[in-house]
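Each chain is listed here by its residues.
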Amino acid sequence: MSNTDTLIIKGTEDGRRVESRVLEERIQSALAEGCRSIEVHAFGQHGIGGRLTAAEAAPVQIDIYGYAGQRVGSMGFAGTRINLHGQASDDVGWLNAGATIVVHGDATNGVANAMAQGSIFIAGDIGSRGMTMTKSNPRFCPPELWVLGGAGDSFAEFMAGGVAVVCGFESQYRGNILGHRPCVGMVGGKIFFRGRQENFSSADARLVKISDEDWQWLCAGMQKFLEAIGRRDVLKTLTAERAAWKLLKALEPFERTGRKHMPLARFRTEVWDRELGEGGLIGDLTAIERSPVPVITTGELRRFVPVWENHKYLPPCQAGCPTGIPVQQRWELIRNGELDRAAALALEHTPFPATVCGYLCPNLCMQNCTRTRERLPAIDVTVLGRSSRNAAVPTPAPAIRNRVAIIGSGPAGLSVAWQLWMKGHEVEVFDHSERPGGKIASVIPESRFPREVFEEELQRVLRTVAFAQLKDTLNPERFAEIRDSHAFTVIATGADKARTLSIPGAERALDALDFLRKAKLGRAKAGARVVIIGAGNVGCDAATEAHRLGARDITLIDIRRPASFGKERAEAEKAGARFLWPLTPTAIGKKGVETQEGTFLEADTVIVAIGDVPDLAFLPGDIAVRNGYIGVNEQFQTTDARVYAVGDSVRPGLITEAIAAGKTVAAAIDARARGLEQTFDRLPALDPDRVKLAYYSPELRPGDDPAACAATCASCGGCRDCGLCVTICPQQAISRNDLPAGGYEYAVDPDRCIGCGFCAGACPCGIWALKENDPIE
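Because the structure is a prediction, the values reported are computed rather than measured.

Rules of the game
Residues numbered from 1 in each chain as written. Predicted model: local features only at pLDDT ≥ 70, side-chain atom pairs only at ≥ 80, totals over all residues. Heavy atoms only, no water. Buried < 20%, exposed > 50% of the residue type's maximum accessible area, 1.4 Å probe, protein only. Helix = DSSP H or I, 4+ residues; strand = E, 2+ residues; numbered from the N terminus. Pairing = 2+ DSSP bridges. Axes fitted to C-alpha atoms, helices over the stretch in contact; angles between N-to-C directions. Phe/Tyr/Trp six-rings, centres within 6.5 Å; stacked < 30°, edge-to-face > 60°. Expected span 1.5 Å × (residues − 1). Arc of directions from axis to C-beta. Contact = heavy atoms within 4.5 Å. Core = buried A, V, L, I, M, F, W, Y, C linked by side-chain atoms within 4.5 Å. Domains from an automatic or database assignment.

Caption draft 1: Just the pairing of strand 7 (residues 97-103), in detail. With 6 of 7 residues buried, strand 7 lies mostly within the body of the structure. Looking at chain direction, strand 6 (residues 80-84) and strand 7 are connected through 4 bridges and run parallel. If you follow Leu84 over to strand 7, its bridge partner there is Val103.

Caption draft 2: Broad picture of the sheet that holds strand 25 (residues 592-595). With antiparallel pairing, the 3 strands of this open sheet are ordered in space as 24-25-26. Each having just a single partner strand, strand 24 (585-588) and strand 26 (600-602) make up the two edges of the open sheet. Pairwise comparison of adjacent strand axes, ignoring direction, gives a mean angle of 20 degrees for this sheet. Here strand 24 runs beside strand 25; their pairing, made up of 3 bridges, is antiparallel. Paired with Ala587 across the bridge in strand 25 is Glu594.

Caption draft 3: Here's a closer look at the packing of aromatic side chains. Counted under the stated rule, the structure contains 12 aromatic pairs. Ring plane angle 50 degrees and centroid distance 6.2 Å describe the contact between Trp308 and Tyr744, whose orientation is recorded as tilted. Taken together, the positions of Trp308 in strand 14 (residues 304-308) and Tyr744 in strand 33 (residues 744-748) put the pair 436 residues apart, joining distant regions of the chain. With relative accessibility at 17%, the residue Trp308 sits in the buried group. Each residue in the set Phe121, Trp146, Phe192, Trp217 and Phe225 is aromatic and connected to the rest through ring pairs, giving one cluster.

Caption draft 4: Up close: helix 13 (residues 451-462). Taking 1.5 Å as the rise per residue, helix 13 with 12 residues should run 16 Å; its terminal C-alpha atoms sit 16 Å apart, in good agreement. Every buried residue belonging to helix 13 is among Val453, Phe454, Glu457, Leu458, Arg460 and Val461, and all of these are buried. Projection of helix 13 onto a plane perpendicular to its axis shows the buried side chains occupying an angular sector of 155 degrees, all on one side. Next to the buried residues of helix 13 lie helix 8 (353-360), helix 11 (411-422) and helix 12 (438-442).

Caption draft 5: Spatial organisation of the nonpolar core. By size, the foremost hydrophobic cluster in this structure holds 58 residues, and its most contacted members are Val490 and Val646. Top contributing element to this core by residue count: helix 11, with 8 residues. Split by domain, the residues of this core number at least three in each of domain 2 (316-391 + 687-712) and domain 3 (403-496 + 614-674). With residues near it in sequence (within four places) discarded, Val646 still touches Ala412, Val416, Val490, Ile491, Ala492, Phe636, Ala661, Gly662 and Val665. Ile38, Val92, Phe155 and Ala205 belong to the second-largest nonpolar core, a separate cluster that totals 52 residues.

Written out as C-alpha cells, the structure reads:
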C-alpha cells in the first residue's frame, strides 16, 4: 500500500464489535507498514488515534466516522491529526502530548484533561471539567483548547498551563459560558472567552485587559480554528468586536492571599491552657518544655533520613548469575568508553566468557533483569559475552609454592585451574581424554556455539596450566598417588556413566552421551525415525544432532512434563521434534518403542537420555559418597580435608554453576595455602522495586551494539552520577563531593534535609533509601 492511500479500518466484524485493543493493534500495524492516512468506522472503541509513535517520523491523519468511545486522541503524539466527524464522548485529548484533534460536533466531559501539548478544536459545546490539570513545558508550544460554543462546570480546574478559547457562539448553554465556578485551583495559563460569566474563583484567577499582542494571537488562531472545523463563515462575527472578549489569567504567587491562621503557640496559651489549666491535660504531672515542634523538621528530629547506598547491594543480574559476574559493572565501564576493560573483567570470573555467556548459558542474569518486571526487554548479555572472545589475559598474582592437582578438564575443572593460576598457584590438570574441555568439547552440538570461539578460549587456559593425559584407568591407587604428590586435589570428573532402562530390548538403545560424542566425531548414524526416551536438555541435544544427521521424524517421550528449557529446547523444536508425555516405555523392539499407555512409536534409532551419574570407583574409602555423588560442604570440601570436588561429580547442574563452584574452590584453596581465614560473604540483592523504570523508553531496542545496551541498563544499585537527586531536593540538602582517592559520593546536609524522600522516590537506580532516624536518647 502506498503511504498516500487511505486505509479503512472497521469497528465491527461479522456483526460484532471489534475490541478496542484489537482496533488499536490494526492501526499500529498499518502505520508500521507505511500507511499514513486511515479512516476508522468506529463502534464505541476507546482511545482511537492515541499513542501513534509512528507520527514522529511522518505525519499521520486519522478520520473517525460512526460512534467513537472515550479518550479519542489520548496520549496523542506530535504529527498526528485526528478528525472526528460527529459527537465525542468523554476525555477527548486526555494526556495529549502533541496531536491536533478536531471534533466536528459537541464533546462531553473531560476535554483536554491533563493535556501537555497539541491542539484540540471543538465545533460545539463541551461538558464539565474541560481543560483541567493541564500543564505546559516552556521548551514547547503550550497546549491549546478552542471551543466554538460554551463549557460546562468546573472549567480549567487545577489548570497549570496552556491557553483555552471559548467563543460562546451558538451555544446551548443559557447561563455562564464557562459554567459554574471555573478556575478553581488554577495556577497557570490563560482563558479567552466571549459571553456572560458571572463567577470564577477569584482566589486563583483574575480578569486582565487583552493586550494588542494577545488580540493579534487570538485573531490569527481563530482563523486556523474555524478553518479546521469548517466554520470560516463566522470569522468576522467572532473577531469584529474586541470588547466582546475577556481574558482570565492565573494569579501570580505573590498575588495570592488567604485567611490568617492562629499560630500553634498562641493557641496553646490563649485557648488550650485557658480551658484546661496551665500545662493542659498533663500539667499536674510534668513541667517539661511544651513549645511546638515544627511540622517540617531537620537534623535529629527527622522521622526518616535518606541514605546513599551506592553499591551496597548486588544488582539482580549479578545476584542471579551463579558465577557472580559483575554484569552491571561491565555495562558501566562501557558507558565510560572502556570496552576493553569490560571484556577483560569477565576473565576474572570465568575462563569461557564468550563460549558460555555468549552462547551456552541460559543467561540467568537476563532472566533476573529488573527491566523485565515492566515487560521491557532484558539487556542482552550475550553481546557482552561474545565481546570477551579476544579479551586481554589478566596478569596473575606472584607465584607461591603450592601445587594443586585437578582431575578432570571439563568446565568445572578448568575453572578451578584458571582461578588458581590467576592467584599464583602451580596447577596440573589430569584427564583420560586426549582433548580437554569436557562436555563442551565432546558432547554439546556445535550448532549451539562456534567451535573456533571455544577453541580459542580453551587454548587461552591451556597456555597457563600443565595438562597431563591419564594413560591408565584411574583407580584408588593412582588417585592416592596424585593426591599425595600435591598439596591439594580437586575432583572434577563429571558424570559420564549413563543410567539404564530395565525393560526388554534396552540393549538396542543408544546412550545419549555416547551418541552425541560419536556425532561430534562424525561416526554416528540416526536413521529417518528417532525416538528419544527422556525429554530433558541432553535429550534435546540428541534430537538436534539426529536432525543434522538426516532424521526427519523425531519424538521425545517422558514419564512427566519435560524438564527441558532454554536454548536446548528451542533448538530441538526448531528441528521439528515432538514432545509426548506422560508415556512410560515398556519394551524396545526392532521396529520401535512400546509404552504402558498402549502407544507404539516406530523408530529406526532409539536413544536413552534419562540422566547420567558419576563413576566414582577410583575414590578411596575415606571420601564419603552420598546418593551416588561425592559428599561436600559449602566450600566443596570432601571428608578428606585436602580434597575438593566440583561439577557433576557433586550434583547435576548448569555449566555456569560448575564454573561458579570452581571459583569457590579456588578461593578456599588459596585462603588455606596463605594461612588466611576463609570468608565467603556475599552482598544481599537489591530490591528491584527501588529501581524506577519509567525513565526508560519501551521503544528502544539496543540490538547488538554494546554501547546501546549499556545505555539502556538501569544500573540497579549503582549510581550513574545523573545528579537528579541534587536537582529535585526541595531544600538543596544534597551535594556531590569528589573523594580524595578518586570517585565521588552524594552527601546529605542534615541541617537542611527534612526527610521528604524525594531523592529516594526519584532516583532511577535505587541508590537512595529512606530509613528511620536513630531514636533520640
